[in-house]
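Fold and geometry: a report
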Amino acid sequence: WNAQQISTALKIQKELGYNRFISSQPQYSALWRVIEKEVDPICRANGIGHLVWSPIAQGVLTGKYLPGQKAPAGSRATDKKSGANMINRWLTDEILTAVQKLKPIAANEGLTLAQLAVAWVLQNPNVSSAILIPPGFPSAKRCCVKLKSL
């Protein structure tokens with residue numbers, strides 16, 4: 001929701017005596033910071049935390065997509081059923097080059113690029129949690145094994 005929708009919902013909840021919602025679920029990453037200008041401030045002022053999705057920008061912030069190269073076979077960028085249209089906005093040489101420049105920063109901290117991206121999202125004090133289970137993972141256990149390898 002945008003800030004206006006959140007504000008309207010808060011008013012309706014108050015007027016009708018409903019319990020207030022306590023979380024929002026926006027997209028948020030170092031590449032998609034739209035919530036910072038209006039959504040985050042209204043949520044913070046009203047005690048609404050964020051459960052964010054796509055903290056590694058559909059995989060772009062893992063560094064696996066390289067400038068000037070085709071997307072890896074079987075990756076989300078090549079699978080129309082797994083968000084190829086959504087990820088395309090970040091598959092520019094400018095963005096991919098910028099992501100590659102983050103590698104030394106991550107390495108200096110002993111992190112992978114994916115871990116750096118998630119840590120960056122979680123540094124926002126209003127982010128309560130980040131959704132990390134990618135499509136295609138049949139179980140949370142398999143996902144946790146994969147995330148440890150990131």
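Report on the accompanying structure.

What counts, and at which threshold
- Residues numbered from 1 in each chain as written.
- Predicted model: local features only at pLDDT ≥ 70, side-chain atom pairs only at ≥ 80, totals over all residues.
- Heavy atoms only, no water.
- Helix = DSSP H or I, 4+ residues; strand = E, 2+ residues; numbered from the N terminus.
- Polar contact = N/O pair within 3.5 Å; in protein donor to acceptor, adjacent residues only side chain to side chain.
- Patch = residues over 30% accessible without salt bridge, like charges linked within 9 Å, V, L, I, M, F, W, Y side chains within 5 Å.
- Areas by Shrake-Rupley, 256 points an atom, 1.4 Å probe, with all protein chains shown as cover.
- Salt bridge = Lys/Arg side-chain N within 4 Å of Asp/Glu carboxyl O.
- Pairing = 2+ DSSP bridges.
- Right-handed = clockwise from strand over helix to strand, strands pointing away.
- Buried < 20%, exposed > 50% of the residue type's maximum accessible area, 1.4 Å probe, protein only.
- Core = buried A, V, L, I, M, F, W, Y, C linked by side-chain atoms within 4.5 Å.
- Contact = heavy atoms within 4.5 Å.

Here we look at the environment of Q115
For Q115, the location among the structural elements is in helix α6 (residues 113–122). For the pair Q115 and L61, spaced 54 residues apart in sequence, the C-alpha separation works out to 9.2 Å. At 2.8 Å, the side chain of Q115 forms a polar contact with the backbone nitrogen of T112.

Description of a nonpolar patch on the surface
Residues I12, L16 and Y18 make up a contiguous nonpolar surface patch of about 320 Å² in total accessible area. Structurally, I12 can be placed in helix α1 (residues 3–16).

Some remarks on the pairing of strand β2 (residues 49–53)
When strand β1 (residues 23–24) meets β2, the two strands line up parallel, connected through two bridges. Its bridge partner lying in β2, S24 is registered against H50. Following the backbone out of β1, through helix α2 (residues 39–45) and into the adjacent parallel β2, one traces a crossover that is right-handed. Relative to strand β3 (residues 127–131), β2 is paired through four bridges, and the arrangement is parallel. Among the inter-strand pairings, V52 is bridged to a residue of β3, identified as A130.

A few points about the sheet that holds β1
One open sheet accounts for three strands, arranged β1-β2-β3; its pairing is parallel. With partners counted over all chains shown, the strands left at the sheet margins are β1 and β3, one partner each.

Brief notes about the pattern of salt bridges
In this structure the tally under the stated criterion is two salt bridges. Measuring nitrogen to oxygen at the nearest pair gives 3.0 Å for the salt bridge that ties E36 to R33. Note on E36: relative accessible area 29%, which makes it partly exposed. For the salt bridge of D40 with R44, the shortest nitrogen-to-oxygen distance reads 2.6 Å. A residue pair is termed a helical-turn pair when its members lie 3 or 4 positions apart in one helix, as D40 and R44 do in helix α2 at four residues. Under the relative-accessibility criterion, D40 is labelled buried at 6%. Judged by its relative accessible area of 43%, R44 falls in the partly exposed class.

Concerning the nonpolar core
As a rule of thumb, nonpolar side chains are buried together in soluble globular proteins. Counting residues in each nonpolar core, the largest one holds 16 residues, and the members touching the most others are I56, A57, V60, L61, Y65, I87 and V99. Among the elements of the structure, α4 (93–100) and α6 are those that each provide at least two residues to this core. Ranked by the residues each element gives to this core, the list is headed by α6, at five residues. Not counting chain neighbours up to four residues away, the residues in contact with V60 comprise L31, Y65, I87, W90, L91, I95, L96 and V99.

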